[in-house]
Amino acid sequence: MADDKLVPTGVSFASWNAGAAVLHPDRRVEPDDRETPLNKDFYQNLKAQAWWQLRRRFEKTHRCVSDLTGQTRYDQDELISLPSDLPLLRTLQKELSQPTASKSTKMKMVIDKQPEGTRSPNLADAVVMCYWPVSDGVYDRMEWV
């Protein structure tokens, strides 16, 4: 695209390597909970960490929306919302619910985003990547909670 001058001014691309090492390996899975494991002990790779964090966004959003008392509070940057008029919304919802989690031989979380009999969840992968911090391919310089 760059050779054909199709990249808009100010837009840059960074590779997203799902098999890369986890971000912030020595931080806790839940930063405010000293009982949770370290990222490096919980996730097999960046893909597992990214998909789990997106799942947590949806969980936190659900908790906020479902709390009739209004006492559940999260920073807005930790939440997610999909507009009801989003093109391909039903396809995206199906893809987001498709991956499964299991444990590797090292007892770390792995994500199978394409279980047997399913198609690659390309839309869901795009959402995972959009909500995951990347800066010039250097993951550990980014802040993530």
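See the structure above.
A. Representation of the overall build of the protein in the model. Helix and strand content of the protein: 4 helices and 2 strands. Taking the principal axes of its C-alpha atoms as reference, the protein extends roughly 50 × 40 × 35 Å. Across the 145 residues of the protein, 32% fall into the buried class. Relative to all contacts within the protein whose residues are 6 or more apart in sequence, the contacts with residues 24 or more apart total 52%. Of the roughly 10,100 Å² of accessible surface on the protein, a fraction of 51% belongs to carbon and sulfur atoms. Within the protein, the 21 negative side-chain charges are centred at a point lying 3 Å from the centre of the 20 positive side-chain charges.

B. The arrangement of the nonpolar core in detail. Formed by 22 residues in total, the largest nonpolar core has its most connected members in Tyr43 and Met109. For this core, the secondary-structure elements that each account for two or more residues are helix H2 (46-66), helix H3 (89-96), strand E2 (109-112) and helix H4 (122-130). With 6 residues, H2 is the single largest residue contributor to this core. Among all residues touching Met109, those that are not within four sequence positions of it are Phe42, Tyr43, Gln44, Ala48, Trp52, Ala101, Ser102 and Lys103.

C. Examining the pairing of strand E1 (residues 100-103) more closely. In this sheet, E2 lies alongside E1 in antiparallel orientation, the contact comprising 4 bridges. Bridge pairing links Ser102 to Val110 in E2.

D. How the structure looks around the environment of Pro25. With respect to the helices and strands, Pro25 occurs in the segment before helix H1 (39-42). With relative accessibility at 33%, the residue Pro25 sits in the partly exposed group. Placed 96 residues apart in sequence, Pro25 and Pro121 show a C-alpha to C-alpha distance of 27 Å. Apart from residues no more than four positions distant in its own chain, Pro25 is found in contact with Leu38, Asn39 and Lys40.

E. Just a nonpolar patch on the surface, in detail. A surface patch of nonpolar side chains, amounting to about 460 Å² of accessible area, comprises Met1, Leu6, Val11 and Phe13. Its place among the elements puts Val11 in the segment before H1.

F. Representation of the pattern of salt bridges in the model. Tallied over the full model, the rule gives 7 salt bridges. Residue Glu59 pairs with Arg55 through a salt bridge whose shortest N-O separation is 2.9 Å. Taken as a pair, Glu59 and Arg55 lie in helix H2 at a separation of 4 residues, close to a single helical turn. Classification of Glu59 as partly exposed rests on a relative accessible area of 21%. Its salt-bridge partner being Lys60, residue Glu78 comes within 2.5 Å of it at the nearest N-O pair. Taken together, the residues span a long stretch of sequence, with Glu78 in the loop between H2 and H3 and Lys60 in helix H2 at a distance of 18 residues. Residue classification places Lys60 among the buried positions, given a relative accessible area of 10%. Residues participating in the shared-partner salt-bridge network are Glu30, Arg55, Arg56, Glu59 and Arg63.

The rules behind the values
Residues numbered from 1 in each chain as written. Predicted model: local features only at pLDDT ≥ 70, side-chain atom pairs only at ≥ 80, totals over all residues. Heavy atoms only, no water. Helix = DSSP H or I, 4+ residues; strand = E, 2+ residues; numbered from the N terminus. Buried < 20%, exposed > 50% of the residue type's maximum accessible area, 1.4 Å probe, protein only. Contact = heavy atoms within 4.5 Å. Areas by Shrake-Rupley, 256 points an atom, 1.4 Å probe, with all protein chains shown as cover. Lys, Arg positive; Asp, Glu negative; His and termini not counted. Charge placed at Lys NZ, Arg CZ, Asp CG, Glu CD. Core = buried A, V, L, I, M, F, W, Y, C linked by side-chain atoms within 4.5 Å. Pairing = 2+ DSSP bridges. Patch = residues over 30% accessible without salt bridge, like charges linked within 9 Å, V, L, I, M, F, W, Y side chains within 5 Å. Salt bridge = Lys/Arg side-chain N within 4 Å of Asp/Glu carboxyl O.

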